[in-house]
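# Observations on the model geometry
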Amino acid sequence: MLSESTAHLVENTAVLGEPEMVHIKGADDPMPTRRLLAVGEHRPRLRGESSLVGRTWELNTATAILEEAVGGAGCVVTMVGPAGIGKSRLVRETAAIAAARGVAVFTTYCESHARDIPFHVVARLGRASMGIEYLDAGAARAHLRTQVPDADADDLLLFDDLLGIADPAVALPDIAPAARRRRLTALIDAATLARTEPGVYVIEDAHWIDEVSESMLADFLTVVPQAPSLVLITYRPEYLGALTRVSGAQTIALRPLSGAQASALTTELLGSAPSTIGLAELVASRAAGNPFFVEELVRDLAERGVLHGRPGAYLLPGDVTDVEVPATLQASLGARIDRLDPTAKRTLGAAAVIGSRFDADLLTSMVDDADVGALIEAELVEQVRFTARAEYAFRHPLIRTVAYESQLKSDRAQLHRRLAAAIEQRDPAAADENAALIGGHLEAAGDLHAAFAWHMRAGTWSTNRDIAAAHTSWRRAREVADRLPDDDPNRVSMRIAPRTLLCATAWRVGGSGADTGFDELRELCTAAGDQRSLAIGMSGLVTEHFLRAHRRESSRRAPEHVELLESIGDPTLTVALLPMAMVAKYDIGEMAEVLRLAQRIIDLADRDPTVGDLIIGSPLTFAIAMRGTARWCLGIAGWKDDLHQAITMARRVDPLTRAGVMWCMYITAIAYGVLLPDATALRDTADTLAAAEQSGDNFALDLARTARGVTLVHQHGPHREAGFELLAKIRERALNQRFALIALPIVDIHIAREKARLGDLDGAIALARTVVDDMLSAGGCIWSALATTVLVEALVQRAGEADLGEAEAVIERLAAAPADEGLVLREIWLLRLRALLARAHGDAAAYTDLRDRYRDMAKSLGFDGHIAWAEAMP
Ligand SMILES: Nc1ncnc2c1ncn2[C@@H]1O[C@H](COP(=O)(O)OP(=O)(O)OP(=O)(O)O)[C@@H](O)[C@H]1O
Ligand SMILES: [Mg+2]
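Predicted model only: the values in this text are computed from it and were never measured.

Once that is clear, we can look at the packing of aromatic side chains. If you walk through the whole model with that rule in mind, you get 14 aromatic pairs. The interplanar angle of 85° and the centroid separation of 5.8 Å between the aromatic rings of tryptophan 632 and phenylalanine 863 together place this pair among those described as edge-to-face. Remark: phenylalanine 863 occurs in the loop between α39 (844-861) and α40 (864-871) and tryptophan 632 occurs in helix α28 (residues 619-633); sequence separation between them is 231 residues. Residue classification places tryptophan 632 among the buried residues on the basis of a relative accessible area of 1%. Members of the aromatic cluster, joined through ring pairs, are Trp632, Trp639, Tyr672, Trp783, Trp829, Phe863 and Trp869. Above the plane of the ring of tyrosine 109 lies arginine 124, whose end atom (NZ or CZ) is 4.5 Å from the centre. Its end group placed over the ring of tyrosine 847, arginine 839 keeps NZ or CZ at 5.7 Å from the ring centre.

With that settled, the discussion passes to the side chain of histidine 561. Relative to the helices and strands, histidine 561 is located in helix α25 (residues 551-568). By relative accessible area, histidine 561 is classed as buried at 0%. Ignoring sequence-local partners within four residues, the contact set of histidine 561 consists of Ala535, Met538, Ser539, Val542, Leu577 and Ala581.

Our next topic: the domain arrangement of the chain. Here the domain parsing of the chain yields domain 1 (40-253), domain 2 (259-326), domain 3 (340-407), domain 4 (484-645) and domain 5 (742-872). For domain 1 versus domain 4, the separation of C-alpha centres amounts to 42 Å.

Quick look at the confidence of the model for the chain now. Confidence in the prediction of the chain, expressed as mean pLDDT, is 88, and 93% of residues score 70 or more. Scored below 50 in pLDDT, residues 1-47 makes 110 contacts in the model with residues more than four places away or belonging to other chains.

Let us look at unusual backbone geometry. We note that arginine 607 has phi near 70°; this positive angle belongs to a residue other than glycine. Considering the arrangement of structural elements, one finds arginine 607 in the loop between α27 (591-605) and α28. When its relative accessible area of 72% is taken as the criterion, arginine 607 is described as exposed.

Another aspect to go through is the site of ligand 1. Around ligand 1, the surrounding shell holds 24 residues, and the nearest of these are Gly84, Lys87, Arg89, Arg236 and His396. Within the side chain of glutamate 295, one N or O atom sits 2.7 Å away from an oxygen atom of ligand 1. Listing elements by their share of the shell around ligand 1, those giving two or more residues are α3 (87-100) and α11 (291-303). With four residues, the single largest contributor to the shell around ligand 1 is α3. For the shell around ligand 1, a count of residues per class yields nine nonpolar, six polar and nine charged. Shared between two domains, the shell around ligand 1 holds at least three residues of each, these being domain 1 (40-253) and domain 2 (259-326).

Cut-offs applied
Residues numbered from 1 in each chain as written. Chains lettered and ligands numbered in written order. Predicted model: local features only at pLDDT ≥ 70, side-chain atom pairs only at ≥ 80, totals over all residues. Heavy atoms only, no water. Phe/Tyr/Trp six-rings, centres within 6.5 Å; stacked < 30°, edge-to-face > 60°. Helix = DSSP H or I, 4+ residues; strand = E, 2+ residues; numbered from the N terminus. Buried < 20%, exposed > 50% of the residue type's maximum accessible area, 1.4 Å probe, protein only. Lys NZ or Arg CZ within 6 Å of the ring centre and 35° of its normal. Contact = heavy atoms within 4.5 Å. Domains from an automatic or database assignment. pLDDT = per-residue confidence, 0-100. Near = heavy atom within 4 Å. Polar contact = N/O pair within 3.5 Å; in protein donor to acceptor, adjacent residues only side chain to side chain. Nonpolar A, V, L, I, M, F, W, Y, C, P; charged D, E, K, R; others polar.

Written out as structure tokens, the structure is:
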């Protein structure tokens, strides 16, 4: 028997030369083989490939880029053009040149039916490039570890999971989805950069790529220029996704063959017998420069018996004017498929349901008398793997499409159903992983309830792997539920469930802040009387508005949410979801309400830090931090104890809660002069950042970065610089919609403050003025007072003609803005600012009075920052 690994060397031989028969050790019969040139899912052409016509410029370009890549300056080349124009052919030609130079080629391809299967393509490319495609899981894991020897143990487990070779006995590390992706990307980047051997990576048919793979690859492609790698990506023009916009990529757009080139191809296929000359012209013009169309037209004519003789030397017995030629490529493929005998046709149909590539086992589980031989004979399919488990592939993606679409719907549904069952039975342990695939087939089979359950299962599986992937599955489940007949008793609850999850987690996906689907969820929940789902979904909406700094919307939604939770009266649910409304209130500076909500959470949680850990790990810890913050804002005693307790508890909770505590507590208290940016703050923010980097999700990481950044910019020396670097990163991420917009004013105010410190008063004033206007015109924000302060201090310092007037107006505008009774957060600043203004006006008496009142207030409140600033006033 031929061992798997020997066999893969045999079957994965690449593109050069004709196969020759050789004896392989361990095999009884001679095997067809060629020199090993490439690995991966390369589809070698075994026969019938005509010689390349034209494409000289394209191939020269690709080769020149290949040379540079081999020399160390990696490059991404995209090849775009319609179906059949020659993209894959050009890739094969380039790969052959690379392979002839001894450069390894790793190929993978995307498939139309796998578009909603997360990680499909990256996992495949990963398996190909790590050389583990044909190893069993244990051997694959061992081999992987030799490839990336220095990798972190947890990262390797994540990588195993991504590649589908995880050891089922080993639990996956508990790492949030975004962090998982980040760590995987870092690992893959490092592995790519560490490669000294040049390599060519091919991604075929990117128009069918799944979303998660697309974004992971887009990240990966940014390091390619620094590696000796060439990445070739093919896609049809309808694809407009991220891989079309890779910076620094070269695009080769394939045009139709010229008339002369098409004729050359036609002549090669038909031969040059005088009787075929007219026909060659007809074929070439009908095919309109599409080489695949040319090939298929000739096959069609030969099959129909219009042509006599053999390929390359045909004769046309009849008159060319009597010859009917299909009008489109699809029609010519359809005609060829139609001529198959019923068994072959059934086999082809089943194969098309499986995908571009299929194995004999799956095929026989779907059709009793599968006949692949006839399909190979008809040059519709080719064998691509010659091991015990033979594998076949459609010769071209379009053949599969036409084969798929030309079946009766009912036959096709039946096949999908059988295939779903076969996939599930074949590997029950991988059912979660295959859930999206199985769900897709059941959906195509019209088994809506079953499809729904599998899509939801796929969503659950992805929640801890990749939240965007979970969303894809939930959206599929939603579509399926919507297709259920009106009288289905489960229809309503099935329509609600995926919508609830989509809405509740919309904010974690990031992006443009697109519709969370809340209105529809509300309608459904109201009709069904499902208040819990409504409350969970609404928490997502409130969070989304808060994070996007839609302040008016948040202030409108938060009370509604609170009211809903109270009416449901489930303490755990309330503890879990109230924090969302509470942060929304915090952001708009309604601290009395923050205090009330924090107290409510504290009471309901009843000293249990883990109760209600649905969205954040410890609502209680967070509520104590918020109570402390609200208390100092309102000048209520007890705030120091709260902050102290929250800090202590935060050291033991999940990174998201911990980062949230750092954010709300330190940023606010330090920036507002309540706490000093002392050693404790430095240590806490550093530890939190480290924890978030290790295992938090991106969101926790950005919160931690901001808290760290603000603490650092309140220091002196190199710390300050590092802080501004962090804040610059946060700013960029917020603007690119990778992090919440609520970070923006915090960063901008600190930048303005720094400009003033460095003497750029004009710059400081311009920036601070924008922030103040934004804040106050949006109806107020926790940062309005801080922004006003920075603006006023800079104006007073510049003291130009209109400056003092403007400073006074800005102070009065802040003083007049609606606020909670006793908001000392603002009162103490108003005192300070008025004192500064009095001094600028030269009004010594007023100044002394205001300064002393400011000092007294700072002392009586115990605000250490203000105490220090007040002492420093002359
Ligand atoms: N320049 C050429 N000279 C000769 N034959 C060609 C040429 N370009 C393509 N062909 C042949 O035409 C057929 C279709 O080409 P290919 O598979 O590369 O199309 P494609 O652009 O990849 O289409 P799809 O988008 O459907 O994948 C193949 O059999 C290929 O060998
Ligand atoms: Mg192709």
